[in-house]
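A look at the structure
Chain by chain, the residues run as shown.
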Amino acid sequence: MKKKNLKRTLIILGIVIGVTGLTTVSVQTTNRVIENRKAKKMEEAKEKKIKEEKEAKKERQKIALWVVQNVEGSEPIRNIKIGNINHGGFMGTGGSSVNVKLNNSSNNQFLFLLKDNKTYF
């Protein structure tokens with residue numbers, strides 16, 4: 001009788017230990033998968049931000065070139081300060097705008113409205 005009870009106890013204990021071990025392994029694997037997904041999303045977000053910054057820089061360079069080629073005044077352009085490109089509406093559907101300041105003077109400040117890579121002011 002004691003041997004039977006001991007066998008049953010050992011079998012039950014083995015099952016409990018096995019289930020506990022498998023659960024632990026499963027949780028650890030799930031945590032690794034979640035961490036990998038988070039790392040991948042962070043990397044994608046970083047790449048997207050870098051790409052957006054490069055595009056914004058190119059757009060500001062285009063604006064500066066347009067200003068130099070098309071704006072005339074009583075004094076030469078020595079300094080062009082181009083602000084950040086602001087996107088209006090949902091996901092930029094409201095168009096974009098940017099402030100441009102010439103020669104650090106508030107008298108020489110104007111706003112460009114941008115649409116489809118074309119400049120309007």
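Refer to the preceding data block for the structure.
Residues numbered from 1 in each chain as written. Predicted model: local features only at pLDDT ≥ 70, side-chain atom pairs only at ≥ 80, totals over all residues. Heavy atoms only, no water.

**Side note on the overall build of the protein chain**
Helix and strand content of the protein chain: one helix and five strands. The secondary structure elements of the protein chain, listed N-terminal to C-terminal, are α-β-β-β-β-β. The contacts in the protein chain between residues at least 6 apart in sequence include a share of 29% that link residues at least 24 apart. (Helix = DSSP H or I, 4+ residues; strand = E, 2+ residues; numbered from the N terminus. Contact = heavy atoms within 4.5 Å.)

**Side note on the nonpolar core**
Of all hydrophobic cores here, the largest spans eight residues; its members are Ile63, Ala64, Val67, Ile82, Ile85, Val98, Val100 and Leu102. Elements that contribute at least two residues to this core include exactly helix H1 (2–70) and strand S3 (96–102). Setting aside anything within four residues of it in sequence, one finds Ala64 in contact with Ile80 and Ile82. (Core = buried A, V, L, I, M, F, W, Y, C linked by side-chain atoms within 4.5 Å. Buried < 20%, exposed > 50% of the residue type's maximum accessible area, 1.4 Å probe, protein only.)

**Observations concerning the environment of Ser105**
Position of Ser105 among the secondary structure elements: in the loop between S3 and strand S4 (109–115). Spatially, the C-alpha atom of Ser105 lies 10.0 Å from that of Ile80, the residues being 25 residues apart in sequence.

**A short note on H1**
Taking 1.5 Å as the rise per residue, H1 with 69 residues should run 102 Å; its terminal C-alpha atoms sit 101 Å apart, in good agreement. Of the positions making up H1, those classed as buried are Glu59, Ile63, Ala64 and Val67. (Expected span 1.5 Å × (residues − 1).)

**Observations concerning the pairing of S3**
Of all seven residues that make up S3, five are buried, and the element is covered over most of its length. Pairing between strand S1 (residues 80–82) and S3: three bridges, direction antiparallel. Bridged to Ile80 within S3 is Leu102. Two strands pair when backbone bridges link them, and strand S2 (residues 86–87) and S3 are joined in this way by two bridges, in the antiparallel orientation. (Pairing = 2+ DSSP bridges.)

**A look at the side chain of Asn103**
With respect to the helices and strands, the residue Asn103 is situated in the loop between S3 and S4. According to the relative accessible area criterion, Asn103 is buried, its value standing at 16%. A polar atom in the side chain of Asn103 sits 2.6 Å from the backbone nitrogen of Arg78. Beyond its immediate chain neighbours, meaning those up to four positions away, Asn103 contacts Glu75, Pro76, Ile77, Arg78 and Asn79. (Polar contact = N/O pair within 3.5 Å; in protein donor to acceptor, adjacent residues only side chain to side chain.)

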